[in-house]
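Coordinate inspection notes
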Amino acid sequence: MAGQLNSTKRLIAYFSMEIALENAMPTYSGGLGVLAGDTIRAAADLRLPMVAVSLLYRKGYFTQRLAEDGSQTEEPVEWSVGDFLTEDSARASVSIENRRVELRCWRYSAKGVRGFEVPIYFLDADLHSNTEADRNLTGSLYGGDSYYRLCQEVILGIGGVRILRALGYNDLTRYHMNEGHAALLTLQLLDEEAAKEGRKSIRSEDIEKVRSKCVFTTHTPVPAGHDRFPMEYFTRVFPGQTGFLDLKDASSADLMKRVLQAEQNFLDLQEAARRGASLNMTQLALSLSTYVNGVAKQHGETSRQMFPEVPIEAITNGVHAGTWTSAPFQQLFDRYIPSWREDNYSLRSALGLPAEEVWAAHLIAKHKLLETVREKTGLKFDPEVFTIGFARRATGYKRADLILADLDRLREIAKNSGHFQIIYAGKAHPNDAGGKDIIRRIFHAKKALRKTVPVVFLDDYNLELGGKITSGVDVWLNTPQFPLEASGTSGMKAALNGVPSLSILDGWWVEGHIEGVTGWCIGESRRTAAGNTPADNTAEAESLYNKLESVILPLYYNDRAKFLEVMQHAIAINGSFFNTQRMVQQYITDAYLH
Ligand SMILES: *Cc1c(COP(=O)(O)O)cnc(C)c1O
């Protein structure tokens, strides 16, 4: 029974392509991995018998370098696996192109507030017995082509279930797929069910059994977030496989049609490949899960429109409160709300904190951030000046440059309502040319605005920088194109630190926003059917400018007491709720025990 920490039976297996646990472990690229790490930490706090599986990325995601003009280049990250993880003796293997790919695993243990531990196993193909190419399959995150990616998903899904068996986890009652990347685990579970009956092909009773054990969380309405592989890739990975489903069985045939999104039935997988079918990982996960959810109420709605064939619920994301609360606010909460770590709901009493102590804690966090700005860029930002923060993956729909739409207008606002400065961070995916353009545009605007509106872009956004930016600015800006921000979590980190949001009403903000109380909205609520009209960039930029000019800057400079009330409401109303403790409790009652 190697690896069974605390001699606890594990009931929930959580599968994620990326998991962010420590800043120096480059095992994540962004929001999905950060959420996975925060979920696991909350599970440990709640003493939930969970075990997690991911891949080990020896070359990590990447280190971001930015040239004078904002052009991004990527460098591999060097890290020493043994400094963070312990190798386990368990082994498993998967078959890829008829080669046996051996897998080992490395354990990390997330320790909760009461000492309970949740083990996370990182699968590693870097073994001498594997070919050079196979050894690299767990090399980099989002690094290769689509075929490489499919091989990684075979390791995560199929290899992941097999390593859990090798580790002795035989009592698992739920398999949680954090995004469709892990969907191939269903094939391994189907195989196991058929094998129990001495069969080779899958029948409806196997499908029912597997479905009763699987949970699927979909994370984005953006098509690129939903993996589809040409069926020809699939048959290349598994050349011996003609059919794993008994197509004479009606529900098997139906499953195959749905997963391949095909009109007709194919005789076998090879035929599907010849006819150009493709394997849809989201459909596979949807078809084989007893519980499916989106990551905010609005996103549940959007997902139901995208996939009307299955019921889709919503559990709104959160962040791990103990992790994302800055040191000065941790000390403040420890003093006045001592139970806040074990019971995040108690943060609701933040309204009773002495306002001057909230301000003092905020100033410490702000100074820390401005110190980092100085270390990274040599620029001296003024702590007296209202500071706007924006940090997230640089990609089209997040519209990092919306606030830069009209530079003259920005200069005018600074003159009329008070000075402000903007702090940016965020990596563009290596192949996202549009995202890289956005960073260059921000650098261009930064030059044009010079001292009137100081702008800085901090390179190499990561967990540590994320913590500093979300806690050290005065307002958290979010300008996604509705309805593409499924949830967003950085605004929740800000809320825990008393930093209100100024955001488009999308993702979590639809639920967290109370105008003038927890922060401010940009544009209109678009929850109605009319909300499906495309975003009007000019109108939304204008709305942002108006809020800044006539509401937020005057409040900050002329009515600090009222501004502090908004800060305290951000903690009390949003920090107490948008955390992974509440989120995991919802998963327990709605998905794990249901
Ligand atoms: C919180 C965080 C994210 C996710 O933020 P979103 O608001 O969901 O985009 C991504 N990367 C890092 C480093 C983070 O800390």
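Quick caveat, the model's predicted, so the values are computed rather than measured.

Parameters at a glance
Residues numbered from 1 in each chain as written. Predicted model: local features only at pLDDT ≥ 70, side-chain atom pairs only at ≥ 80, totals over all residues. Heavy atoms only, no water. Helix = DSSP H or I, 4+ residues; strand = E, 2+ residues; numbered from the N terminus. Rg over C-alpha atoms; globule rule 2.2 N^0.38 Å. Buried < 20%, exposed > 50% of the residue type's maximum accessible area, 1.4 Å probe, protein only. Contact = heavy atoms within 4.5 Å. Areas by Shrake-Rupley, 256 points an atom, 1.4 Å probe, with all protein chains shown as cover. Lys, Arg positive; Asp, Glu negative; His and termini not counted. Charge placed at Lys NZ, Arg CZ, Asp CG, Glu CD. Pairing = 2+ DSSP bridges. Near = heavy atom within 4 Å. Polar contact = N/O pair within 3.5 Å; in protein donor to acceptor, adjacent residues only side chain to side chain. Nonpolar A, V, L, I, M, F, W, Y, C, P; charged D, E, K, R; others polar. Domains from an automatic or database assignment. Core = buried A, V, L, I, M, F, W, Y, C linked by side-chain atoms within 4.5 Å. Axes fitted to C-alpha atoms, helices over the stretch in contact; angles between N-to-C directions. Parallel < 35°, antiparallel > 145°, perpendicular 65-115°, else oblique. Left-handed = near helix turned anticlockwise from the far one by under 90°. Buried area = accessible area lost by both parts, 1.4 Å probe. Salt bridge = Lys/Arg side-chain N within 4 Å of Asp/Glu carboxyl O.

1. Points about the overall build of the protein
- Within the protein, the secondary structure is distributed over 21 helices and 19 strands.
- Whereas a compact globule of 594 residues would reach a radius of gyration of roughly 25 Å, the protein reaches 24 Å, a difference of no more than 12%.
- A principal-axis box enclosing the C-alpha atoms of the protein has dimensions of 75 × 50 × 45 Å.
- Going through the 594 residues of the protein one by one, you find that 62% of them count as buried.
- For the protein, long-range pairs separated by at least 24 residues make up 72% of all intrachain contacts whose partners lie at least 6 apart in sequence.
- Looking at the protein as shown, the accessible area adds up to about 22,300 Å², and 50% of this sits on carbon and sulfur atoms.
- Across the protein, 66 positive and 72 negative side-chain charges occur, with their mean positions spaced 2 Å apart.

2. Points about the pairing of strand 9 (residues 214-217)
- The alternating pattern of strand 9 places C214 and F216 on one face and V215 and T217 on the opposite face, and all of these are buried.
- Of the pairings in the sheet, the one linking strand 9 to strand 12 (residues 291-294) comprises three bridges and is parallel in character. Note on strand 12: the bridge partner recorded for V215 is Y291.

3. So, the site of the ligand
- Neighbouring the ligand are 13 residues; W324, G488, T489, S490 and K493 lie closest to it.
- S490 is positioned with one of its side-chain polar atoms (N or O) 2.5 Å from an oxygen atom of the ligand.
- In this structure, an oxygen atom belonging to the ligand sits 2.6 Å away from a side-chain N or O atom of K493.
- Contributions of two or more residues to the shell around the ligand are made by helix 1 (31-45) and helix 17 (490-496).
- Across the shell around the ligand, the residue classes break down as four nonpolar, six polar and three charged.
- Three or more residues apiece are contributed to the shell around the ligand by two domains, here domain 1 (1-182) and domain 3 (321-525 + 536-584).

4. A closer look at the nonpolar core
- Counting 79 residues, the largest nonpolar core has F15, I96, I155, L184, L185 and M231 as its most contacted members.
- For this core, the element with the most residues is helix 3 (residues 146-166), which contributes eleven residues.
- Of the residues that make up this core, three or more belong to each of domain 1 (1-182) and domain 2 (198-212 + 222-289).
- By size, the runner-up hydrophobic cluster in this structure holds 71 residues, among which are L66, L407, V475 and Y545.

5. Quick look at the sheet that holds strand 15 (residues 420-425)
- Strands sit in the order 16-15-14-17-18-19 across an open sheet of six strands; the sheet is parallel. A single partner strand is all that each edge strand has here, and the edge strands are strand 16 (455-458) and strand 19 (519-522). Going from strand to strand, the sheet's axes swing by 20 degrees on average, the running direction of each strand aside.
- Bridge analysis of strand 14 (residues 386-391) against strand 17 (residues 475-478) gives two bridges, and the strand direction is parallel. In the strand pairing of strand 17, I388 is matched with V475.
- Seen against the sheet, helix 16 (residues 463-472) touches strand 14, strand 15, strand 16 and strand 17 and runs at an angle of roughly 160 degrees to strand 15.

6. Structural notes on the packing of helix 4 (residues 185-196) against helix 5 (residues 204-211)
- Close contact between helix 4 and helix 5 brings their axes to 9 Å; oriented N to C, the two are set at 125 degrees. Judged on the interaxial angle alone, helix 5 and helix 4 are oblique. The hand of the helix 4/helix 5 crossing is right-handed. Facing helix 4, whose interface residues are T186, L189, L190, E193 and A194, helix 5 presents D206, I207, K209 and V210.
- A class-by-class count of the residues in the contact of helix 4 with helix 5 yields five nonpolar, one polar and three charged.

7. Quick word on the domain arrangement of the protein
- Here the domain parsing of the protein yields domain 1 (1-182), domain 2 (198-212 + 222-289) and domain 3 (321-525 + 536-584).
- Taken over C-alpha atoms, the centre of domain 1 sits 31 Å from the centre of domain 3.
- Residue-level contacts link 29 residues of domain 1 with 27 residues of domain 3.
- The junction of domain 1 with domain 3 conceals about 2,400 Å² of combined surface from both sides, 58% of it contributed by carbon and sulfur atoms.

8. Some words on the environment of L347
- By the secondary structure assignment, L347 is in the loop between helix 12 (327-336) and helix 13 (355-377).
- In the structure, L347 is positioned 225 residues away from A572 in sequence and 5.5 Å away in space, judged by C-alpha atoms.
- In contact with L347, other than residues within four places in its own chain, are F333, I337, W340, L496, I571, A572, G575 and S576.

9. Brief notes about the pattern of salt bridges
- One pass over the full model with this rule turns up 39 salt bridges.
- Ionic pairing is found between E357 and R335, a salt bridge with its closest N-O pair at 2.7 Å. With E357 in helix 13 and R335 in helix 12, this pair connects stretches of sequence that are 22 residues apart.
- Taken together, the shared-partner salt bridges in this structure form one network comprising R58, E87, R91, R104, D124, D126 and R135.

10. Some points on the sheet that holds strand 6 (residues 99-111)
- Pairing within the open sheet is mixed, and its nine strands lie in the order 5-6-7-2-1-8-9-12-13. Strands with a single pairing partner mark the edges of an open sheet, and in this sheet they are strand 5 (86-96) and strand 13 (313-314).
- Of the pairings in the sheet, the one linking strand 2 (residues 50-55) to strand 7 (residues 117-124) comprises four bridges and is parallel in character. Within the sheet, the bridge partner assigned to S54 lies in strand 7 and is F122.
- Against the sheet, helix 4 engages strand 1 (12-16), strand 8 (174-178) and strand 9, with an angle of about 160 degrees to strand 8.

11. Brief notes about the side chain of D38
- Structurally, the position occupied by D38 is in helix 1.
- On the accessibility criterion, D38 (1% relative accessible area) is buried.
- The residues touching D38, leaving out its near neighbours within four places in the chain, are V319, H320, W324 and T580.

12. Quick notes on the environment of S503
- For S503, the position within the fold is in strand 18 (residues 501-504).
- Sequence separation between S503 and G523 is 20 residues; the distance between their C-alpha atoms is 8.6 Å.
- When neighbours within four sequence positions are excluded, S503 is seen to be in contact with N478, W509, W520, C521 and I522.
- Polar contacts involving the side chain of S503 include one to the main-chain carbonyl oxygen of N478, which spans 3.4 Å.

13. Some remarks on unusual backbone geometry
- With omega at 0 degrees, the peptide bond leading from F482 into P483 counts as cis.
- Here P483 shows up in the loop between strand 17 and helix 17.
- Although it is not a glycine, R450 sits at a positive phi angle of roughly 35 degrees.
- Non-glycine residue D460 carries a positive phi angle of around 60 degrees.

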